[in-house]
Amino acid sequence: MNNSASVVIIDKEEASKQIIKNYISEIPDIYVDREFSDSFDAYNYIIETRTNIVIVDISEDPDVTFELIYKITSLNKQAKIIVTSYNTDADLVIKSMRTGAREFLTKPLKEEELQNAIIKMRDLSLGNLSDNNKCKIISTFSNKGGIGKTAIAVNLALELANLTKEKVALIDLNLQLGDVTTFLDLNPSFDISYVVNNINRVDETFLLSTLEKYKDTSLYVLADPPYLEQAEDITSDQISKLFDVLKETFSYIIVDTGSNFDGKTITVLDNSDLILLVTTVNLPAIRNCQRCLELFDRLGYSKEKAKIVLNRYMENEEIKTEDVEDVLDRKVYWKIPNNYFTIMSAINKGIPVGMVNPDSNIARNYRDLAAMLSDNIISTKPTQKIKRTSNFSILNLFKSKR
Ligand SMILES: Nc1ncnc2c1ncn2[C@@H]1O[C@H](COP(=O)(O)OP(=O)(O)O)[C@@H](O)[C@H]1O
Ligand SMILES: [Mg+2]
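Residues numbered from 1 in each chain as written. Chains lettered and ligands numbered in written order. Predicted model: local features only at pLDDT ≥ 70, side-chain atom pairs only at ≥ 80, totals over all residues. Heavy atoms only, no water.

Draft legend 1. A look at the overall build of the protein chain. In terms of helices and strands, the protein chain carries 18 helices and 13 strands. Over its C-alpha trace the protein chain gives a radius of gyration of 22 Å, about what one expects of a compact globule, namely 21 Å for 402 residues. Taken along the three principal axes of its C-alpha coordinates, the protein chain extends 60 × 55 × 45 Å. Of all 402 residues assigned to the protein chain, the portion counted as buried reaches 54%. Across the protein chain, contacts joining residues at least 24 apart in sequence account for 76% of those joining residues at least 6 apart. Of the accessible surface of the protein chain, which amounts to about 18700 Å², a share of 48% is contributed by carbon and sulfur atoms. Side chains of the protein chain carry 48 positive and 58 negative charges; the gap between the two charge centres is 3 Å. (Helix = DSSP H or I, 4+ residues; strand = E, 2+ residues; numbered from the N terminus. Rg over C-alpha atoms; globule rule 2.2 N^0.38 Å. Buried < 20%, exposed > 50% of the residue type's maximum accessible area, 1.4 Å probe, protein only. Contact = heavy atoms within 4.5 Å. Areas by Shrake-Rupley, 256 points an atom, 1.4 Å probe, with all protein chains shown as cover. Lys, Arg positive; Asp, Glu negative; His and termini not counted. Charge placed at Lys NZ, Arg CZ, Asp CG, Glu CD.)

As structure tokens, then:
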């Protein structure tokens, strides 16, 4: 296998360039082809020589650099971009990902972080690593209904597909009251029951023809079964197997769940890389959220695995975000604005919010959330997936100390 890959560094700081070169010199087969201080000078060179990896600093003049990154990734598809910056504003990270950068590293650079990122970019650029290898499973959860789980799962899945152009699966594992198909006005021929009953003959061709492709996007939907008995028949073990096969084909799997804390839901949560724990800013919802976090603790989930999302958020709320954070002893990861009119209009039409009004605050918010969650942001540690033994009993989880 040819593992040789070229790097172009764009950075105004001589010292930074030197550090990057030193770190790269330790990686076999990867060589620094050229250095530039200015992104405009670098542009033609990168396009003409079909550079594999570009490491570009955006500390100064981010907007100009973003434009350039966008052009490079459009014209030289094999170029994989690593952005570096002293500034780690969420906005900058989001913009970088939207323009096509694959990694965002904070300065001062850490040797291992940079080297890992470069190796990953090399493998992506040379096609050694298909994007499927990095499937990320994200589930939306709350032990309360009507809180926005489905709205988030559906809109996030679509925006991830639009943004990354990679294959995204949206799975309705709210097995009793699934409504993903209603949100997207779909009438699929197959459902989860069919797939798990045919699990042994499932491959990419099977999945892409069985899951319902959403319009001309790269989003594929797997609906809940139409009959309750079929839902009952699906086992936790089958759900785990379903994830295993989906991971081979899709880059992202977004799972909508029900509000029941049962064995199947726990299997979904165990299998997730990230759980978006959805709540709203009112006391009963926050109290419920607290209970969920206690249970997550007992299930052995790390803080990185479950992230708090405040839905229907309004400025000037009586309870402040900091109050919520104090009570939950967690940072709020994301806030989604309250926009009943746009959401309802989307749901009633059976289309995503971004198609009803792409400029609305809520459509923009879902897009930004997708950019934030699209894989390559400041290398967070992968969360550990948990395998439970067969004598695991969910009942023990509820034996609280109260
Ligand atoms: N950000 C939001 N702003 C306003 N209303 C919302 C928002 N998110 C959800 N809703 C409302 O809440 C209702 C329930 O949302 P849904 O996603 O079905 O919740 P869940 O899946 O948790 O039961 C939706 O019908 C919609 O009217
Ligand atoms: Mg729902």
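Moving on, there is more to tell.
Draft legend 2. Summary view of the site of ligand 1. The environment of ligand 1 is formed by 19 residues, the closest being Gly146, Gly148, Thr150, Ala151 and Asn339. Contact distances for ligand 1 include 2.9 Å between an oxygen atom and a backbone N or O atom of Lys149. Contact distances for ligand 1 include 2.7 Å between an oxygen atom and a side-chain N or O atom of Thr150. Elements supplying a minimum of two residues to the shell around ligand 1: α6 (149-164), β12 (306-313), β13 (332-337) and α15 (340-349). Of all the elements, α15 adds the most residues to the shell around ligand 1, at 4 residues. Per-class residue counts for the shell around ligand 1 are 10 nonpolar, 7 polar and 2 charged. (Near = heavy atom within 4 Å. Polar contact = N/O pair within 3.5 Å; in protein donor to acceptor, adjacent residues only side chain to side chain. Nonpolar A, V, L, I, M, F, W, Y, C, P; charged D, E, K, R; others polar.)

Draft legend 3. Main features of the sheet that holds strand β4 (residues 80-85). Taken together, 5 strands build an open sheet; the order of strands is β2-β1-β3-β4-β5 and the sheet is parallel. Where the open sheet ends on each side, the last strands, each with one partner, are β2 (30-36) and β5 (103-106). Each adjacent strand pair in this sheet contributes to an overall mean axis angle of 20°, direction not counted. Relative to strand β3 (residues 53-57), strand β1 (residues 5-10) runs parallel, the two sharing 4 bridges. Within the sheet, the bridge partner assigned to Ile9 lies in β3 and is Ile55. Each of β1, β2 and β3 is contacted by helix α2 (residues 39-49), which is oriented at about 140° to β2, the strand it contacts most. (Pairing = 2+ DSSP bridges. Axes fitted to C-alpha atoms, helices over the stretch in contact; angles between N-to-C directions.)

Draft legend 4. Broad picture of the packing of α6 against helix α17 (residues 361-373). One way to put it is that α6 packs onto α17 with a least axis distance of 8 Å and a crossing angle of 65°. One way to sum up the angle between α6 and α17 is to call them roughly perpendicular. For the crossing formed where α6 meets α17, the hand is right-handed. Note on element contacts: α17 touches α6 through Tyr366, Arg367, Leu369, Ala370, Ala371 and Leu373, opposite Ala151, Ile152, Asn155, Leu156, Glu159, Leu160 and Leu163. (Parallel < 35°, antiparallel > 145°, perpendicular 65-115°, else oblique. Left-handed = near helix turned anticlockwise from the far one by under 90°.)

Draft legend 5. Just the packing of aromatic side chains, in detail. Scanning all chains against the criterion turns up 9 aromatic pairs. Aromatic side chains Tyr333 and Trp334 sit 6.3 Å apart centroid to centroid with 40° between the ring planes, which places their arrangement in the tilted category. Given the relative accessible area of 23%, Tyr333 is considered partly exposed. A relative accessible area of 11% places Trp334 in the buried class. Sitting above the plane of the Tyr45 ring, Arg34 keeps its charged end 4.8 Å from the centroid. (Phe/Tyr/Trp six-rings, centres within 6.5 Å; stacked < 30°, edge-to-face > 60°. Lys NZ or Arg CZ within 6 Å of the ring centre and 35° of its normal.)

Draft legend 6. How the structure looks around unusual backbone geometry. Residue Pro108 follows Lys107 across a cis peptide bond; omega there is -5°. Its location among the elements puts Pro108 in the loop between β5 and α5 (111-126). Phi angles above zero are rare outside glycine, and Asp61 is one such case at about 55°. Here Asp61 shows up in the loop between β3 and α3 (62-75). A positive phi angle is found at Lys215, which is not glycine, with a value near 45°.

Draft legend 7. Here's a closer look at the pairing of β1. Across the 6 residues that make up β1, a large majority, 6, are buried. Every second residue of β1 is oriented toward a common face, with Ala5, Val7 and Ile9 on one face and Ser6, Val8 and Ile10 on the other, all of them buried. As paired strands, β1 and β2 are joined by 6 bridges and run parallel to one another. Pairing of Val7 across the sheet is with Val32, part of β2. One crossover worth recording links β1 to the parallel β2 by way of helix α1 (residues 14-25), and it is right-handed. (Right-handed = clockwise from strand over helix to strand, strands pointing away.)

It is worth stressing that arrangement in space is one thing and function is another; only the former is reported here.
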